[in-house]
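Each chain is listed here by its residues.
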Amino acid sequence: MRITVLGKSPSWQDIDGACSGYLIEEGETGLLLDCGNGVFSKLRRFIDYVDLDAVVLSHLHADHFLDLVPYAYALTYAPRQQPVPVHRWSGTDNPARPVLHAPTGASDVFRRVCGAWGPEDLIEKAFYLHEYDTREALDVGPLRLRFAEVPHYLKTHAIEVSANGSGRFVFGADTRPTDDLVDFANGSDLLMIEATLPRPERQGPRGHLTPEEAGQHGRRARARRLVITHFSDELDPEWARSEAERGFGGPVEVAREGAVYDV
Ligand SMILES: [Zn+2]
Ligand SMILES: [Zn+2]
């Protein structure tokens, strides 16, 4: 299984960056994990968007799904998706329509977002929308997905992706400190974990981790490899790495766009 970082920014993009998005490939199967703002353009560097099998969303914050909008426009209006020849494209009876696995309530959210300016079913017509049940595993070709709810500002899921003959990849999504993620990621081969905050939130409920907390979660989960993500380019990545390594007790990698991990 190969994982490519398409975007690692938090809720505002790095310079030339993208928010949450990871391409997971196994054989001929392609899965996009999260589709935050900026991700559609990055995706196109690595795979033709009509060849992607499925998208899965960890939660319904803007930085994890907003680029479904341009993706849906491409699937709807691209000349090669039309039934008749257009320009240099010959036309197709089989336009691409990837599966979109999203948390419950996604249909309502997409309708409110797209309905703000046009047809509210833009996303649902472009993709096969499936609202997943977190208690059940999902298969995307040879990839098996499992979910665990983690505490954040709205319903959010850590996602495990595994395949026969490859290791276990766990994406921690956005989360405040929690044993739920430690348990779910126990013994994972690669844990991709958020390290959003330069220091814990000053007020209100917590929703994110500092790099040191991210490292501590990795240590307690006994992850074989730890990668921190979802932090801004306005923080020093070497500072974040050393904080995370202090918590982890070993080497930690810092996500950067275009980085590839084989698990
Ligand atoms: Zn986020
Ligand atoms: Zn979030």
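In this report, we go over the structure that sits alongside the text. Computed from a predicted model, the values in this text were never measured in an experiment.

Reading the values: the criteria
The numbering scheme is per chain: residues are counted from 1 as the chain's sequence reads. Here chains are named by letter from A upward and ligands by number from 1 upward, in the order in which they appear as written. In keeping with the model being predicted, local features are shown solely for residues with a pLDDT of at least 70 and side-chain atom pairs are shown and tallied solely at 80 or more, while totals for entire chains, interfaces and linings include all residues. In computing side-chain properties, one takes all heavy atoms of the structure into account and sets aside hydrogens as well as water. Counted as coordinating are nitrogen, oxygen and sulfur atoms within 2.8 Å of the metal, or 3.2 Å for Na, K and Ca, while water is not included, which may make sites look incomplete. Angle rules define the geometry names used: all angles between 85 and 135 degrees makes four donors tetrahedral, while opposite donors over 155 degrees apart and all other angles between 65 and 115 make four donors square planar and six octahedral, leaving every other case irregular. The numbering of helices and of strands both runs from the N terminus, where a helix is a DSSP run of H or I of at least 4 residues and a strand a run of E of at least 2. Three exposure classes are used, based on accessible area relative to the maximum for each residue type with a 1.4 Å probe and protein chains only: buried under 20%, partly exposed in between, and exposed over 50%. Aromatic contacts are taken between Phe, Tyr and Trp rings whose centres are within 6.5 Å, Trp giving its six-membered ring; a plane angle under 30 degrees counts as stacked, one over 60 as edge-to-face, and the others as tilted. Pairs of N or O atoms are called polar contacts if they sit within 3.5 Å, as long as, within protein, a hydrogen donor faces a hydrogen acceptor (for residues adjacent in sequence, only side-chain-to-side-chain pairs). A contact between two residues is defined here by any heavy atoms of the two lying within 4.5 Å.

### Thoughts on the coordination of the zinc ion (ligand 1)
Around a metal, the ideal angle is 109.5 degrees if four donors adopt a tetrahedral arrangement and 90 or 180 degrees if six donors adopt an octahedral arrangement. Protein ligation of the zinc ion (ligand 1) involves Asp63 (OD), His64 (NE2), Asp174 (OD) and His230 (NE2), the donor distances falling in the range 2.1 to 2.2 Å. Classification of the site at the zinc ion (ligand 1) rests on its four donor atoms, whose angles at the metal span 90 to 162°, yielding the label irregular. Read in sequence order, the donor residues coordinating the zinc ion (ligand 1) give the pattern D-H-x109-D-x55-H. Between the zinc ion (ligand 1) and the zinc ion (ligand 2), a spacing of 3.5 Å is present, and a bridge between the two is formed by Asp174. Pair noted here: Asp63 is in helix α2 (residues 62–65) and Asp174 is in the loop between β10 (168–171) and α6 (179–184), with a separation of 111 residues, a long-range link. A relative accessible area of 6% means that Asp63 is categorised as buried.

### Details of the packing of aromatic side chains
Working definition: an aromatic ring pair is given by the centre-to-centre distance plus the angle between the planes. On inspection of all chains with the given rule, the structure shows eight aromatic pairs. Aromatic pair Tyr22 and Phe171: ring centres 5.2 Å apart, planes at 50°, arrangement tilted. Note that Tyr22 is positioned in strand β2 (residues 21–26) and Phe171 in strand β10, a separation of 149 residues in sequence. Phe171 shares its class with Tyr22; the two are buried.

### Quick word on the coordination of the zinc ion (ligand 2)
Within the protein, the zinc ion (ligand 2) binds to His59 (NE2), His61 (ND1), His152 (NE2) and Asp174 (OD); these donor distances fall in the range 2.1 to 2.4 Å. Angles of 92 to 164° at the metal separate the four donor atoms of the zinc ion (ligand 2), which places the site in the irregular class. Here the donor residues for the zinc ion (ligand 2) map to a single chain with the spacing H-x1-H-x90-H-x21-D. Since its relative accessible area comes to 10%, His152 is described here as buried.

### Topic: the side chain of Thr175
Locating Thr175 in the fold gives a position in the loop between β10 and α6. Only 3.4 Å separates the side chain of Thr175 from the backbone oxygen of Pro151, close enough to count as a polar contact. Every residue in contact with Thr175, bar those within four places of it in the chain, is listed here: Val150, Pro151, His152, Leu181, Glu194, Gly207, His208 and Leu209.

### Concerning the environment of Ala96
Within the secondary structure, Ala96 sits in the loop between α3 (68–77) and β5 (99–102). Judged by its relative accessible area of 16%, Ala96 falls in the buried class. Sequence spacing of Ala96 and Leu43 is 53 residues, and the spatial spacing of their C-alpha atoms is 16 Å. Beyond its immediate sequence surroundings of up to four residues, Ala96 is in contact with Val50, Leu75, Gln81 and Ala126.

Nothing here speaks to function; it is all geometry.
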